[in-house]
Structure formats: structure tokens, C-alpha cells
Amino acid sequence: MASKKNCDKVTVSADYLRNIEKKVEDLETIIEVSSIISSTLDYNKLISIVMEKAKHIMQAEACSILQFDKELNRIVFEFAITGQRVTSNALKDKVTLDMGQGIAGWVAEHLEPVVIKDVYLDERFYREADKLNNFKTKSLIAVPLVGRRGLLGVAMIINPKDKSHFSDYDAGIFQTLCVQISTAIENSRFYTESVQMEKFRQGLEIASVLQKSFLPETPIFKKGNLHVSAANIPAEKVGGDIYDFIEPVNGSIGVLVGDVSGKGISAALYMAKIISDFRYKSKMIEYPEVVFKRLNTGLSNSPMGMFLTASYFVVDVKTGHFSVSTAGHPPFLWVTKSDVRVMDIPSGPPLGILSYEYTSSDFSLKSGDSLLILTDGVFDAKNPKGERLGFERLVAHVKEYRQKETLVQAIIDFVNDFSNGAEKSDDITLVELKWQ
Amino acid sequence: MKIDTTVHSGYTAISIAGEIDMYSSPALRDTLLTMAKKKEAIVIINLKDVKYIDSSGIATFVEALKKMLSYGGKLKMAQVPDRVMEIFNFSKLDKVFDIYGSIEDAANS
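Just so you know, these numbers come straight off a predicted model, no measurement behind them. (Residues numbered from 1 in each chain as written. Chains lettered and ligands numbered in written order. Predicted model: local features only at pLDDT ≥ 70, side-chain atom pairs only at ≥ 80, totals over all residues.)

Could you give me a rundown of the overall build of chain B, with the residues and numbers involved?
Helix and strand counts for chain B come out as four helices and five strands. Along chain B, helices and strands appear, N-terminal first, in the series β-β-α-β-α-β-α-β-α. For a compact globule of 109 residues, the expected C-alpha radius of gyration is about 13 Å, and chain B comes in at 12 Å, within 12% of that figure. Counting only C-alpha atoms, chain B reaches 30 × 25 × 25 Å along its principal axes. (Helix = DSSP H or I, 4+ residues; strand = E, 2+ residues; numbered from the N terminus. Rg over C-alpha atoms; globule rule 2.2 N^0.38 Å.)

Kindly report on the sheet that holds strand β12 (residues 308-316) of chain A, identifying the contributing residues and their values.
All names here are of chain A. Strand order in the open sheet formed by five strands is β10-β11-β12-β13-β16, with antiparallel pairing between adjacent strands. Two strands in the sheet have a free side with no partner beyond their single neighbour: β10 (241-246) and β16 (361-364). Shown here is a sheet whose adjacent strand axes are inclined to one another by a mean of 15 degrees, direction ignored. Across the sheet, helix α9 (residues 288-298) is in contact with β12 and β13 (321-327); its angle to β13 comes to roughly 30 degrees. (Pairing = 2+ DSSP bridges. Axes fitted to C-alpha atoms, helices over the stretch in contact; angles between N-to-C directions. Contact = placed C-beta atoms within 7 Å.)

Provide a residue-level description of the environment of Leu215 of chain A, including the pertinent values.
Mapping Leu215 of chain A onto the fold places it in the loop between α7 (168-214) and β8 (220-223). In the structure, Leu215 of chain A is positioned 179 residues away from Leu394 of chain A in sequence and 25 Å away in space, judged by C-alpha atoms.

Help me get a handle on the sheet that holds strand β17 (residues 370-374) of chain A, residues and values and all.
All names here are of chain A. Taking strand neighbours across the sheet as the criterion, the six strands line up as β8-β9-β18-β17-β14-β15 in an open arrangement whose pairing is antiparallel. Looking at which strands have only one partner, the edges of the open sheet turn out to be β8 and β15 (340-343). Averaged over all pairs of adjacent strands, the angle between strand axes in this sheet comes to 15 degrees, irrespective of strand direction. The pairing of β17 with strand β18 (residues 428-435) spans five bridges and is classified as antiparallel. Residue pairing across strands places Leu372 opposite Glu432, the latter belonging to β18. The strands touched by helix α11 (residues 391-400) are β14 (332-335), β15 and β17; relative to β15, the strand with the most contacts, the crossing angle is about 145 degrees. Taken strand by strand, helix α12 (residues 407-419) contacts β9 (226-233), β17 and β18, and its axis lies near 150 degrees from that of β18.

Pulling in residues and values, what's your account of the packing of helix α2 (residues 14-37) of chain A against α7 of chain A?
Residues and elements named next belong to chain A. Running from amino to carboxyl end, α2 crosses α7 at an angle of 5 degrees, the nearest separation of the two axes being 10 Å. Taken together, the axes of α2 and α7 are roughly parallel relative to one another. On α7, the residues touching Asp26, Ile30, Val33, Ser34 and Ile37 of α2 are Ile173, Thr176, Leu177, Gln180, Thr183 and Ala184. A per-class count over the contact of α2 with α7 returns six nonpolar, four polar and one charged. (Parallel < 35°, antiparallel > 145°, perpendicular 65-115°, else oblique. Nonpolar A, V, L, I, M, F, W, Y, C, P; charged D, E, K, R; others polar.)

Give a description of the interface of chain A and chain B that names residues and reports values.
Across the boundary between the two partners, chain A contributes 16 residues, which contact 15 residues of chain B. In the side of chain A that touches chain B, the residues fall into eight nonpolar, seven polar and one charged.

Let's hear about the confidence of the model for chain B: which residues, and what values?
Mean pLDDT over chain B: 94, with 100% of residues reaching 70 or higher. Confidence metrics for the complex model read pTM 0.74 and ipTM 0.91. (pLDDT = per-residue confidence, 0-100.)

Break down the pairing of strand β2 (residues 11-20) of chain B for me, with residues and values.
Residue and element names in this part refer to chain B. With seven bridges joining them, strand β1 (residues 2-8) and β2 adopt antiparallel strand pairing. Pairing of Asp4 across the sheet is with Ser15, part of β2. The hairpin turn running from β1 into β2, its antiparallel successor, is two residues long, and Gly10 in that turn takes a positive phi close to 95 degrees. Pairing of β2 with strand β3 (residues 42-53), which is carried by eight bridges, proceeds in the parallel orientation. Each bridged residue has a counterpart across the sheet, and for Ile14 the counterpart in β3 is Ile45. For the crossover that starts at β2, traverses helix α1 (residues 25-37) and ends in the parallel β3, the hand is right-handed. (Right-handed = clockwise from strand over helix to strand, strands pointing away.)

Please set out unusual backbone geometry residue by residue, giving values where relevant.
With glycine set apart, most residues show a phi of negative sign, and most peptide bonds adopt trans. Residue and element names in this part refer to chain A. For Leu111, which is not glycine, the phi torsion reads 55 degrees and is therefore positive. One can find Leu111 in the loop between α5 (102-110) and β5 (114-116). Residue Leu111 is classed as exposed on the basis of its 12 C-beta neighbours within 10 Å. In this model, Met284 sits at a positive phi of 65 degrees, which is unusual for a non-glycine residue. (Buried ≥ 20, exposed ≤ 12 C-beta atoms within 10 Å, placed from the backbone.)

Could you give an account of the pairing of strand β1 (residues 60-69) of chain A, with specific residues and numbers?
All names here are of chain A. For β1, the buried fraction is high: seven of the 10 residues fall into the buried class. Bridging between β1 and strand β7 (residues 150-160) involves seven bridges; their strand directions are antiparallel. Along β7, the bridge assignment pairs Ala62 with Ile158.

Before we move on, can you summarise the packing of α7 of chain A against helix α8 (residues 264-281) of chain A with the specific residues and values?
Residue and element names in this part refer to chain A. Two elements in contact, α7 and α8, have axes separated by 10 Å at closest approach and are oriented at 30 degrees. Taken together, α7 and α8 sit at an angle that is classed as roughly parallel. Seen along the crossing, α7 lies across α8 with a hand that is left-handed. Between α7, through Ala207, Gln211 and Phe214, and α8, the contact on the second element is made entirely by Ile265, Ala268, Ala272 and Ile275. Looking at the contact of α7 with α8 residue by residue, the class counts come to six nonpolar, one polar and no charged. (Left-handed = near helix turned anticlockwise from the far one by under 90°.)

And the structure:
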């Protein structure tokens with residue numbers, strides 16, 4: 001046993017010890033970088049610290065990170081640290097490289113790290129960055145930064161202070177650090193995206209409330225013998241369907257139902273403009289075709305070809321007589337005690353496309369009659385198999401349930417049952433005009 | 001959606017295949033607005049292989065039509081499938097677009 005103890009004594013050189021100490025220090029720095037990464041999600045702060053640590057551990061003069069711009073398919077200088085200063089401004093937005101261009105471009109394209117002893121002997125080296133940065137690159141290690149969603153960028157460590165070029169050991173350490181840098185970049189991107197998503201979601205909530213404020217305060221309206229009830233369900237938070245009830249002249253009620261082309265925010269904004277235009281241009285006018293002509297002129301310079309399909313009814317609340325104009329809008333349904341008629345009256349093109357002389361058609365309601373005006377989202381509703389409800393099937397259903405007191409709700413229930421949880425592809429609007 | 005542009009003597013034909021909706025229409029818009037920018041005299045859209053078009057897609061054609069009309073250009077539609085024609089008829093867009101049975105008819109009109 002005594003002789004074994006003697007054998008445990010080993011003599012090592014000072015160089016060997018320094019080497020071991022360096023490795024321990026390197027490992028400690030890697031652990032430190034790892035804890036920094038999990039402590040903050042501030043991308044700029046994080047990358048500056050990590051790069052500073054990388055420069056220190058590698059005993060290097062400079063460190064830089066280039067980000068991959070997926071849309072442009074180029075890599076862009078994001079950060080560069082030389083000496084004590086961050087020189088990102090000198091290179092940012094000024095130096096961008098094609099895939100394959102320069103050493104960083106080559107690394108990004110091939111997804112392989114490189115260790116270069118003398119860059120000026122390497123034909124891939126892009127000298128412009130040195131000129132802009134007033135710096136002389138000699139030796140470097142370049143490593144691709146790869147995350148779960150693919151290439152993020154390229155990290156480079158430049159010019160060792162204590163020797164002429166980097167060793168394979170240095171390359172190994174830098175690659176380990178780069179795995180952490182990739183995680184840091186990806187984490188902070190996920191965080192930024194989630195913050196942006198949350199901001200967007202909050203903005204949409206506000207837009208949704210604002211948009212509802214453009215519609216009539218209550219979906220039910222009664223004047224004389226006319227009873228109006230409506231439902232509006234946007235496919236997304238906001239939508240492009242419109243309905244409005246107004247009193248254009250004494251004793252008349254005007255009911256507009258419309259559908260702006262497109263969906264979402266652009267349609268919602270355009271809908272807000274149209275409803276303001278409509279309220280202004282329909283004042284004191286009892287002829288729907290005149291209102292349409294005025295609206296059509298106002299919408300003729302619509303952005304990106306946007307247009308409005310609409311039907312506008314002006315009903316005399318004493319007599320039940322009504323005039324209606326249609327602009328590319330689906331037929332309305334006339335529900336009587338014994339039947340349901342599809343009212344495909346002469347129609348002009350949608351509003352906002354071309355100059356057109358709209359006409360109107362005149363009818364009279366009898367006691368118990370209802371008019372059902374809808375947007376195409378009602379009969380375009382899809383079920384989980386992707387089949388559309390269709391206009392014919394909708395009409396058949398209305399025929400079956402025409403005696404229901406709450407026809408609007410009965411149709412909404414029918415559409416919901418048909419959709420059976422399938423995602424709504426379009427806004428749904430239904431308005432019933434009932435003559436009691 | 002797939003867009004295929006071919007230049008012929010006297011007109012440019014754009015063949016579209018697939019669905020023209022909110023997501024695919026920006027690519028179509030780029031193609032059509034480039035035509036309008038170059039002040040192409042006659043553009044014929046071949047809709048034979050279009051499976052579906054929504055109102056965003058229609059608005060894209062409306063925008064191109066308005067731009068082309070402003071310099072005297074013509075945007076014509078050819079080989080419109082029944083399902084698309086139903087949407088055009090329903091929305092009275094047959095009053096907006098010049099629609100032809102074939103590319104040849106559109107070119108010779």
C-alpha cells in the first residue's frame with residue numbers, strides 16, 4: 001500500500017499547469033455565458049455581453065456577428081466589437097453579403113465552420129469591412145449560428161492577441177460558445193415575436209370594439225309596423241361586413257347591408273370609411289339608386305381595387321312600400337306565410353369599380369311578410385370536410401323554418417350547426433325586415 | 001397559385017392555376033401592376049385552371065383593370081371556369097370584365 005501511495009505523486013510542468021488552468025477558466029466562462037443567456041431576453045444587451053466574453057475567453061482583438069436576412073437571402077453585419085468599443089454602427093446596414101460572398105457568406109452557405117490563419121491569403125476574404133471599420137483582420141474563426149428554424153447568422157472571432165493564429169482548441173471552444181449564442185438569439189427572437197404578437201392582439205381587440213361602434217347601437221330597431229333585426233359575425237376579430245339603419249326622411253327607414261372585398265383590418269378600415277360616407281350621402285334622400293350613385297362616385301378611387309357589394313332598402317313605415325337598389329350583392333329572400341321567394345332583381349356592379357347608372361325596384365310588403373338580406377359569408381360557410389353550404393341549401397332551410405319568430409337566430413344556428421366548428425372563412429351578416 | 005406569363009404578338013397572356021385568395025393575390029398583383037406600369041396594351045387572363053377566387057382576388061383584377069383603363073389598355077378574361085363564372089355572375093362582375101370563351105376570341109376581339 002505504501003508503494004502505491006508513492007506512485008500517486010506525479011510531476012507536471014508549469015506549462016501543463018497553465019494549460020489546465022486556462023481550460024478550467026474557459027469552462028467557467030462558458031458556464032457563466034450560459035447563466036447570462038438564461039438571465040435576460042434583451043437581445044442587444046445579451047449579445048454585447050456574450051461577445052465581450054467570447055473575445056475575452058478567446059484572447060481575441062475583435063468579435064462580430066452577422067445576421068441572416070431570410071427575405072433578402074443575405075447576411076448583414078449586426079454587431080462588431082473591436083478593442084473596447086462596439087462598432088456595430090460602422091458596419092450595420094453598410095456591409096451586407098450575398099450567400100457565398102466573403103468568408104462569412106461562405107460559412108453561411110456551407111453551414112461549416114472555418115479556421116483561417118491568414119485571411120489576406122484567402123481569396124474568399126471581403127476586405128471592404130476592414131476598410132469601413134479601420135481594422136486589419138489577420139486570423140479568424142467563423143462559425144455558422146444555427147437554430148431550430150435554420151440559419152440565424154455567422155459569428156466570427158478575429159486576431160488572437162497572444163499568437164499569430166487560432167488553434168483547433170480555440171475553434172472547439174468558440175463553437176461551444178456559438179451554440180450558446182444561437183440559443184440566445186433564438187430565445188430573444190421568440191420573446192420579441194411574442195411581445196409583438198401580444199401588442200398586435202391588443203390592437204385588434206381595440207379595433208374590434210371600435211368597429212362595433214360603427215354599427216347601429218342595438219341590432220334591433222322598430223318603427224311603425226317595421227321591425228328590423230340583425231346579426232353580424234366577423235370571421236376574424238374585425239371584418240368588412242356592414243349593416244346600418246337610418247331614417248333618411250320622415251316616415252322612411254333606410255337599411256343598408258354590404259360586404260367590402262377582402263377581410264381583416266384593411267376591410268374593416270374601408271368599412272368604417274364607407275359607413276361614414278353612407279350616413280352623410282344618404283341624408284334626406286329617399287331614392288336608393290341616388291344614394292348608390294353618390295356612394296359609387298365617392299368610392300371610385302378605392303385603394304387596391306377594393307369594392308363594396310351592397311343592397312339598400314328604403315321602406316315607408318306607414319304603407320310597407322319599399323324601394324331597393326342592389327350593387328353586385330346576393331339576392332334577398334322574401335318570406336311570406338306560404339313561401340320563400342328569391343328576389344334576384346336587376347343589379348348593377350359592386351360600388352367603387354366603374355361609373356354606372358343604378359336603378360331601383362319597388363314592392364309592397366303585406367302583414368307578416370319578412371325580407372331577409374344577407375352577405376355571402378352565410379351561404380359560403382364551410383363544414384369540416386370543406387364543403388360549402390350553398391345558396392340553394394340555405395333557401396331550403398329558410399323555407400322550412402320561415403314561421404320562426406327569430407328567423408335571424410334560426411339561420412345563424414343552422415350555419416353554426418353546418419360549420420360544426422370549422423374555421424369561418426368569411427364574415428356573416430343577416431338582416432331581417434319584418435312587416436307586422 | 002401558379003402564374004405563367006407569355007408574350008404573344010399583340011397581347012400578353014397570363015395563365016393562372018390554383019386558388020386566388022387573400023394569401024396568393026399579392027403575387028398576382030405584382031405581376032398585373034408590372035404590366036400596367038409597362039402600359040401593356042392588351043392583357044388576357046386565362047382562368048382555365050383557377051379553382052377558387054375570393055373577393056381579395058377579384059379586387060386585384062379590379063385594381064389592374066382601373067390602372068389599365070387609365071391609359072387605354074385592355075384587361076380581358078378568357079376560359080373562365082363555371083365555378084368562377086358563378087361568382088362573377090352573382091356579383092355582377094360580368095358587367096365589369098370583358099369575358100371570352102377562348103384566348104383566341106379574346107385576342108381577336
